[in-house]
Amino acid sequence: MEKQYSNFETIAVRTQSERSHFDEHSTPLYLTSSFVFEDAEDMRASFAEEKQKNLYSRFSNPNVNEFTEKMVKLEGAEDGHSFATGMAAIFSTFGALLSSGDHILSCRSVFGSTHTLFTKYFPKWNIETTYFEANETDLEKYLKPETKILYIETPTNPAIEVLDLELLGKFAKKHDLIFIVDNCFATPYLQQPIKFGADLVIHSATKLIDGQGRVLGGVTVGKKELIREIYLFARNTGPAMSPFNAWVLSKSLETLAVRVDKHCENALKVAKFLETHPNVSLVKYPFLKSHPSYETAKNQMKAGGNIVAFEVKGGIEAGRNFLNKIKMCSLSANLGDTRTIVTHPASTTHSKLSEQERNQVGITAGLVRCSVGLEHIDDIINDLKQAFD
């Protein structure tokens, strides 16, 4: 992996593990739990980290290393570590960096399981979280002497709010906070938060990075000294990425750019169709001019992503009726798949939140999240149209 390339697509395709003596063109699977050493001194030096060597697949593995290295380069980071799932990446990142008494400042609009970490589990260890709204810019009033981390998603899940990375990056630097961004919806192809001051970037690789609904995975990349702490935490707690999953995800990155381009093209057309439909009261998509943060999205994103959120007129019954009439699109809690997926967040992904909490982050009873896939655009729109009609 010593060759350096500057273009995204080339990095994604050409970053590979060192070839074995078989001179394979495509990286093979390294399905092994452990690795061997030449002698006692080799083993001692390897465990003492005096030399770079794979020791045990809970620590590192050639397939996992290749996927991680690609993500590090694509995000413009210094180092990274991969995990079994996106939530394992989030928990391990916070677990490694926080101590009892620390304080998190987070945008209220976060994934349901992340919210559960903040409100149910972290308080057991005396770690407090304060939420701010996605459209707020004056965050000074939320700071405490114990505030250590500023955490956001952008675009948010599922209300598709866009937060100003440049503004938040400057705020975090001013107050010496660790700035962490969940970049799952945008992928490094559309947005690179480190350019705007993020210290760490987290992904659920299960989504667009895999892109075909096959495997689970997560990754955190960023500053070397922070990743070192995260690696040590993960090495001892065991949320290791499977070598097979890493192999799949590394191959998936080779097509990320072309897939995401098409996803975005389809999603924008779906969003424009929904804006004109009489049964839809609201559409949220970053690259629609009607989006309240359209200019911010244009400044920090290459395109709008593949997620469209919209409000079906008539509330929860109308929303359920719409989902029940869907024929081609999938009803699933996943997103970022080749297949278009429609989800009702209030009853699925964010069902653990109270009604008040859901309303605070824009998850109304009739809100539908559409993960626009790679089918022909006419077939996607026709399915949505017949479900409304």
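What counts and what doesn't
Residues numbered from 1 in each chain as written. Predicted model: local features only at pLDDT ≥ 70, side-chain atom pairs only at ≥ 80, totals over all residues. Heavy atoms only, no water. Helix = DSSP H or I, 4+ residues; strand = E, 2+ residues; numbered from the N terminus. Buried < 20%, exposed > 50% of the residue type's maximum accessible area, 1.4 Å probe, protein only. Contact = heavy atoms within 4.5 Å. Areas by Shrake-Rupley, 256 points an atom, 1.4 Å probe, with all protein chains shown as cover. 1 Å grid on protein atoms, 1.4 Å probe; cavity = no way out; pocket = protein on both sides within 12 Å on 5 of 7 lines; lining within 4 Å. Points joined across faces, edges and corners; volume = space filled by probe spheres on them. Nonpolar A, V, L, I, M, F, W, Y, C, P; charged D, E, K, R; others polar. Pairing = 2+ DSSP bridges. Axes fitted to C-alpha atoms, helices over the stretch in contact; angles between N-to-C directions.

What the protein chain contains, in helices and strands, is 14 helices and 12 strands. Dimensions of the protein chain, computed from the C-alpha atoms along their principal axes, are close to 75 × 50 × 35 Å. Taken over 389 residues, the protein chain has a buried fraction of 57%. Look at the contacts in the protein chain between residues 6 or more apart in sequence, and 71% of them connect residues 24 or more apart. About 17100 Å² of surface is accessible on the protein chain, with carbon and sulfur atoms providing 50% of the total.

According to the stated counting rule, one finds 1 cavity of 30 Å³ or more in the structure shown. Across the lining of the largest cavity, the residue classes break down as 4 nonpolar, 3 polar and no charged.

We now examine the sheet that holds strand β7 (residues 218-222). Taken together, the 7 strands give an open sheet; going across it, the order is β1-β7-β6-β5-β4-β2-β3, and neighbouring strands pair in mixed fashion. Since the sheet does not close on itself, it has two edges, and those belong to β1 (79-83) and β3 (128-132), each with one partner. Mean inter-strand twist for the sheet, computed between neighbouring axes without regard to direction, equals 20 degrees. Relative to β7, strand β6 (residues 200-204) runs antiparallel, the two sharing 5 bridges. Note that in β7 the partner of H203 across the bridge is V219. On the sheet, helix α4 (residues 86-97) packs against β1, β2 (103-107), β4 (147-153), β5 (178-182), β6 and β7 and is oriented at approximately 150 degrees with respect to β6.

The next thing to look at is the sheet that holds strand β10 (residues 330-331). Spatial strand order, β8-β9-β12-β11-β10: 5 strands in an open sheet with mixed pairing. The outermost strands of the open sheet, each flanked by one partner alone, are β8 (280-284) and β10. Relative to strand β12 (residues 367-371), strand β11 (residues 341-343) runs antiparallel, the two sharing 3 bridges. The residue of β12 that forms the bridge with T343 is R369. Its contacts with the sheet put helix α12 (residues 315-325) on β9 (307-312), β10, β11 and β12, and the angle it makes with β9 is roughly 125 degrees.

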